[in-house]
Every structure is written in C-alpha cells, then in structure tokens.
Amino acid sequence: MIFCINSRLLKNPDLDILLLWFSDYVYQRLLSLSPDHPLVRLQTLLDLSALETACQGFHQQNGQGHPIVHTPARLVRLLLVRYFFNVSLRECITMAREQIPVKWFVGYPLASQGVSHVTLHRFETYVLENHPRLFFDTILRQIDAAFPEQRHQPQIADTFAMLANAQLETLTGRLRHGAALLLLHVHRHEPAQFFTLADARQLPLLVGDERERPEFLLNAAEKQARLTETVAQVVPLLRQVALLCPRGRDVRRYQEMLQAVLDKEVELTVDEAGQVVSARQFGEKERGTFRPTSATDPDATIRNHGKGQDNGYNIHVAATTHFICEIQAATGSQPDAAGIVPLLEAQREHRGVLPSKLIYDKAGGHGQTIAAVAVATEGQTQLVVKPVQAAKKKGSSELGPLDCQLQEQLDLETGELKSALVCPSGQTTTVRYRATSSPGWYYRMAGDKCAGCPLFSPCRDRVSSENQPRNWFISDYREPVLAAWGYVETTAFRADMKLRPHIERVIAGLVLHCGARYARFRGLAKADFQAKMCATAYNLKRWLNLSDPNYRRRQRRTAVEVVLALLTA
C-alpha cells in the first residue's frame, strides 16, 4: 500500500496532529514485526548527529518563510539509503515513498510524499563538494569505537578498476570532441572571444561535419588525412586560446587535455611558418601512459593490469579482515605501488592511527616503495611483501645484485675507506659510478677477473665474452630489500600471507554489492567520492553482520564441519 496523503491540503490542524499520531502508531506496530530489517538495526547502531551538524550549511535558512521540510537530518539518511542499497536517485526516492521501513528510517511521516530526486541530487553534490569524506570517516570512527581491536590489526591492500562513465574515443574523435567542448566553455565565459576563435577556424575540419563519412568506414590513408586536417586546426586553436586567456576552470581543463593528447600521442611535422604539414599517431609503445582516453571524462586513463586494459580509475583500498580502513581513487594509469603511501598518510591524518603491518602483493615489492613506507610512517608500519629482485627473471638461476656483498675496503694509495663489491665467486672491485636513470651505483668488474670463473654462465647472458667487463647495479634501497627478504623466510611472513585472500572478498563485496565497479560520475574527485560512499555502505553491512548474534550460526558450513558435527552429536 502507498501512503501519499498530503496533509497541507487538509486545512484542519487537528487532522495534522491525528495523522502524525497515526503515523507513529503504524510505524510502531509494523516495525515491531520486522526487528531484523537492516534499517531498523542501523537505527539502533548509528549516531548521525555529527553528519547532520556538518551538513547544516546545505539550507540557507534566515528564519523567515516556511519551515524546512527536507531537513539535513532526513537528507543524510536518504543518501545513506541510496548507497546502502546501491540504487539510483529515482529508485531511492521511490523506496522512500513506498517502503515503510525506509520512510521511517529517513524520518518522514506516513502521509508525506517525500522529497524530489532533484533535491537529493543537489544535496549529494553539496556533500561531494564540501564534505567528500565526511560519511566514510564518521561511520568508521563509530566502527572503531564498537570494535576497538580493529584499529591495531594488520591491514591488506590492493587495487581494482572502476570503469569510467565515458566511451573510448579514437584519436581524431578525441581531438574533435575536446575542441568542441573547449569552444563551448569559451562561449559560456567569454562570448566575444568565442566568435573570434570560431571565425578564424574551419569548423567542419575542427569539430567534424554530420555529412561526412564515419571514421570506421575510412581506409588507412583517409584516416591519416582526417587526423592531419584535425590536428592542423587544433594546434592554432590552442595557440589562440593561450593568447586570449579566456576565463573559466573548464576552459583550462580542456585546453590542458588537448595539449596532453598532442604531446603524448601525435608526432607533428611543421613548416617554416609553423603550420602543421603532417601528423603521425604514435605506436602503442611510444604513447605516454597518463593520456586522456575520452573528452567526456579527461581524468580517466587506461589501466593496464594483467590480461586486459580498463578505461577509468585505479581504486586503492586498505582493509582489515572485516572493515575498509581507507580507500582512494587515482587515474587508471597510476601504478599500484604509488597508492600505498597515500593510503597510510590518509589514515594517520583522518583516523589517527597507523597499522603495524600492511600486506601487499609483489607490485609493492620494489625497494623504493619499501623505503618510502618506512620513511612516511617513521617506521611504525611494516610493508609485508615479497620483494622484486631487479635484473633477475622470475624462476631463473641467474645471479642478481642481491647475490653480491658490499664491504668497506682500505685504499692503500689514499688511505681512505672505499665501498667494494664482492661478486658471488669472491672477486672484488671498488670501481663504481653513479647511475643516471635509477637511484643507485654501477660497480664494474674487469673482464680479466671473470676469465675462467665457474659462475660465468649464470652470471652473464649468452652473448657476453670473457673480455667484457661485468656491471652490477646496486640500488640505494638495497638494505630495505634485504630486510624484506629476511622477513620472507620467517613463519610470521607465511602467517601474514594467509590473510591476503581477505582483500579479494572485500573487493568482491565492493564491486558486486556496493556499486564500486562502474563510475556514476565523471572526474577524479567524483570517482573518489563514490568509492568512499561505496566503502561506507560495505562497512555498514559488515557492521550489521558482526553485530548479529546469530551471524556465525547462519554461516555456511563446509562438508567436513557437517560430518564432524554429526559424529560429535
């Protein structure tokens, strides 16, 4: 049954009081029949006063006019319902109108028509712009109070893909779409400059013509010709925009987006007058990694992770075996290891605690990452990871830099101590020079010292000769890597690695049941907000499960447990 009686149409004030009493009576009788409903249980667990106070600025109330009907308290609860059940704005409003537990949890009387999806959208935008992590931090603080042991447990971290709310575009389509959006935003802020730019350009060549053949029907030569024509229009457009300097954040955004596409994907040939003669698209290996893939969402980039490529964002998440402690969104091309330190720094800033251990896969096994974690946390957090040994293939018998030893050796000529490298066969060298591409040193072993060495084959490649010198690269992060390798040999490391599969369950819950797989919005800041709200919903659901006394009893038992239970009975 749908209750949508508008009490304002009934002029009798006594009837309004009667309807409110009837509303409370129905809520009390019906909700007493379903005490296990998640919203009923959440009402007893949550304290949303901090959220309500922080969101008071949504309404510009000056004390005059009609009292506010859709208060921040109701909108806060309604936004929680939206993400808890992973529904759209319109579906959330329909639930608040038709489902009694939802209407009761939000705080509307039984006869209320509820709120419009437009108002809820405006409130969500307000929270996104002013309090992007308010819901996540507030709920997590209450979870920490309810489960204090969670603050000191080891954490597991990993990444997953959030697919962008934008379609992949070809290079020509990206340039044309970006140029059209740039001109539109220039017109919005500076109409006079728009006509200056539009009159100076051949718009059919710049943004396309609806009568031209679609790009997928063109052959290779025709595609190349269209790309050259488009680039020849985009390059002077960017020059003119840079000279005119129109106002607007979006103008600068698309100006930077077009310049990034040209820099990372196109090789230009220009004449003496600076006009574009030809444009060649870079090959896959020549292109830059952080390149926009669509003018619809310039922040989204390619996430190359294993077998396939995803267009969107790389979501970094750190969690215990039960709750998500921190989650952040980065553009898709950001490496997994780059998000480890920000996850820890955000926890120290917003949660006031650092985990004793952070368990990660081999993506974080480089010495630079291990050292960065130690410096950022001042040694409070140990990065539990199997290190990556540089210049050594996985599973091979080759000898790498970690097989050598470093020691101090006295120089008889100068009387100074020099750093010396001792190779696996016992030969020593003090000749070294600083590497330019990586932080570390190259130690050079003369070729005569390698002649007749029994370890020559596993030490060098097949094409090396005995007369060639052998260069060993010793990283500046050698000591952290050696310490990590020492921890790998312990039983504590094996116990920590048994916790790692829990992060896959957390990620599965986020993407399958909390709506974290597909971006609802466009832009990095909005993707980060969505990830945090999805993590809030996950934490709330997990909190309900752990607070249920019958939760363990309802868990599915394995066949072995069932047989043992029958035998013991």
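Scroll up a little and you will see the structure.
A brief report on the enclosed structure follows. On a predicted model such as this, the values are computed, not experimentally measured, just so you know.

Calculation criteria
- Residue indices begin from 1 for each chain and proceed along its sequence in written order.
- At least 70 in pLDDT is required for a residue's local features to be given in this predicted model, at least 80 for side-chain atom pairs to be given and counted, and no such filter applies to totals for whole chains, interfaces and linings, which use all residues.
- The basis for the side-chain values is all heavy atoms of the structure; hydrogens and waters are excluded.
- Comment: elements are numbered from the N terminus, with helices defined as DSSP H or I runs of at least four residues and strands as E runs of at least two.
- For each residue, the accessible area found with a 1.4 Å probe, counting protein chains only, is set against the maximum for its type, and the residue is called buried under 20%, exposed over 50%, and partly exposed in between.
- Two residues form a contact once any of their heavy atoms are found within 4.5 Å.
- In short, Shrake-Rupley with a 1.4 Å probe defines the accessible areas, and a residue's cover is counted only from the protein chains shown.
- Fitted lines through C-alpha atoms give the axes, limited to the stretch in contact for helices. The angle between two N-to-C directions lies from 0 to 180 degrees.
- Comment on the angle field: the value is read as roughly parallel under 35 degrees, roughly antiparallel over 145, roughly perpendicular from 65 to 115, and oblique elsewhere.
- Crossings are classed by handedness, with left-handed meaning an anticlockwise turn of the near helix from the far one by less than a right angle and right-handed meaning a clockwise turn.
- Amino acids outside the nonpolar list (Ala, Val, Leu, Ile, Met, Phe, Trp, Tyr, Cys, Pro) and the charged list (Asp, Glu, Lys, Arg) are all regarded as polar, and Gly is one of them.
- A strand pair is defined by DSSP finding two or more bridges across the two strands.
- Two rings from Phe, Tyr or Trp (for Trp, the six-membered ring) form a pair when their centres are within 6.5 Å of each other. A pair whose planes differ by under 30 degrees is stacked, one over 60 is edge-to-face, and the rest are tilted.
- Comment: the charge-over-ring label is applied if NZ (Lys) or CZ (Arg) is within 6 Å of the ring centre and within 35 degrees of the ring normal.
- Basic side-chain nitrogens of Lys or Arg form a salt bridge, by our definition, when they fall within 4 Å of a carboxyl oxygen of Asp or Glu.

Looking at the overall build of the protein
- Across its full length, the protein holds 23 helices and 14 strands.
- The burial tally for the protein puts 45% of its 569 residues in the buried class.
- Taking the contacts inside the protein whose residues are at least 6 apart along the sequence as the reference set, 68% of them involve residues at least 24 apart.
- Surface accessibility of the protein: about 30300 Å² in total, with carbon and sulfur atoms responsible for 54%.

Concerning the environment of glycine 107
- Relative to the elements of secondary structure, glycine 107 occurs in the loop between helix 6 (100-106) and helix 7 (117-130).
- A residue is classified by how much of its surface remains accessible, and glycine 107, at 35% relative accessible area, is partly exposed.
- Along the sequence, glycine 107 and arginine 74 sit 33 residues apart, while their C-alpha atoms lie 5.9 Å from each other.

Some details on the packing of helix 5 (residues 89-98) against helix 7
- It is at 9 Å that the axes of helix 5 and helix 7 come closest, and there the two elements cross at 120 degrees. It follows from the interaxial angle that helix 5 and helix 7 lie oblique. When you trace helix 5 past helix 7, the crossing you get is right-handed. For the pair helix 5 and helix 7, the contacting residues are Leu89, Arg90, Cys92 and Ile93 in the first and His117, Leu120, His121 and Glu124 in the second.
- Each residue belonging to the contact of helix 5 with helix 7 can be placed in one class, and the counts come to four nonpolar, two polar and two charged.

Details of the sheet that holds strand 11 (residues 428-429)
- The three strands lie next to each other as 9-10-11, forming an open sheet whose pairing is antiparallel. The open sheet has two edge strands, strand 9 (405-410) and strand 11, and neither has a second partner.

Focus on the sheet that holds strand 13 (residues 440-445)
- Spatial ordering of the open sheet is given by 12-13-14, a layout of three strands whose pairing is antiparallel. Unpaired on one side and paired on the other, strand 12 (432-434) and strand 14 (470-475) mark the two borders of the sheet. Between one strand and the next, the sheet's axes are offset by a mean angle of 25 degrees, whatever the strand orientation.
- With six bridges connecting them, strand 13 and strand 14 associate as antiparallel partners. If you follow tyrosine 442 over to strand 14, its bridge partner there is phenylalanine 473.

As for the pairing of strand 10 (residues 417-422)
- Two strands pair when backbone bridges link them, and strand 9 and strand 10 are joined in this way by six bridges, in the antiparallel orientation. Following the sheet pairing, leucine 410 is matched in strand 10 by leucine 417.
- When strand 10 meets strand 11, the two strands line up antiparallel, connected through two bridges. Paired with leucine 421 across the strands is threonine 429, a residue of strand 11.

Observations concerning the side chain of arginine 291
- Mapped onto the elements, arginine 291 comes out in the loop between strand 3 (276-281) and strand 4 (301-305).
- With a relative accessible area of 10%, arginine 291 lands in the buried category.
- Look past the residues within four positions of arginine 291 in its chain and what remains in contact with it is Lys264, Glu265, Glu284, Ala300, Thr301 and Ile302.

What about the packing of helix 4 (residues 72-84) against helix 5?
- Interhelical geometry of helix 4 versus helix 5 gives an angle of 115 degrees and a closest axis separation of 10 Å. Read as a crossing pair, helix 4 and helix 5 show a hand that is right-handed. Only Leu89, Cys92, Ile93, Met95 and Ala96 of helix 5 make contact with helix 4, whose side of the interface consists of Leu78, Val81 and Arg82.
- Here the residues of the contact of helix 4 with helix 5 are counted per class, giving seven nonpolar, no polar and one charged.

Considering the packing of aromatic side chains
- This structure, assessed with the given rule, holds nine aromatic pairs.
- On the numbers, 5.1 Å between centres and 80 degrees between planes, the contact of phenylalanine 84 with phenylalanine 85 is edge-to-face.
- For phenylalanine 84, a relative accessible area of 7% puts it in the buried group.
- Where tyrosine 442 meets phenylalanine 473, the ring centres are 5.2 Å apart and the plane angle is 55 degrees; that geometry is what we call tilted. Taken together, the residues tyrosine 442 in strand 13 and phenylalanine 473 in strand 14 connect sequence positions 31 residues apart.
- By the ring-pair criterion, three or more aromatic residues cluster together here, those being Phe58, Phe123 and Tyr126.
- Directly above the aromatic system of tyrosine 254 lies the positively charged group of arginine 253, at a separation of 5.8 Å from the ring centroid.
- Stacked on the ring of tryptophan 472, the Lys or Arg arginine 470 has its end atom at 3.7 Å from the ring centre.

Regarding the pattern of salt bridges
- On inspection of all chains with the given rule, the structure shows 22 salt bridges.
- Note that glutamate 52 is salt-bridged to arginine 77, the shortest N-O span being 2.5 Å. One end of the pair, glutamate 52, is in helix 3 (residues 49-54); the other, arginine 77, is in helix 4, with 25 residues separating them in the sequence.
- Relative accessible area serves as the criterion here: at 18%, glutamate 52 is assigned to the buried category.
- Two residues, glutamate 190 and arginine 247, come together in a salt bridge whose shortest N-O distance is 2.6 Å.

Interpretation in functional terms is not warranted from these geometric data alone.
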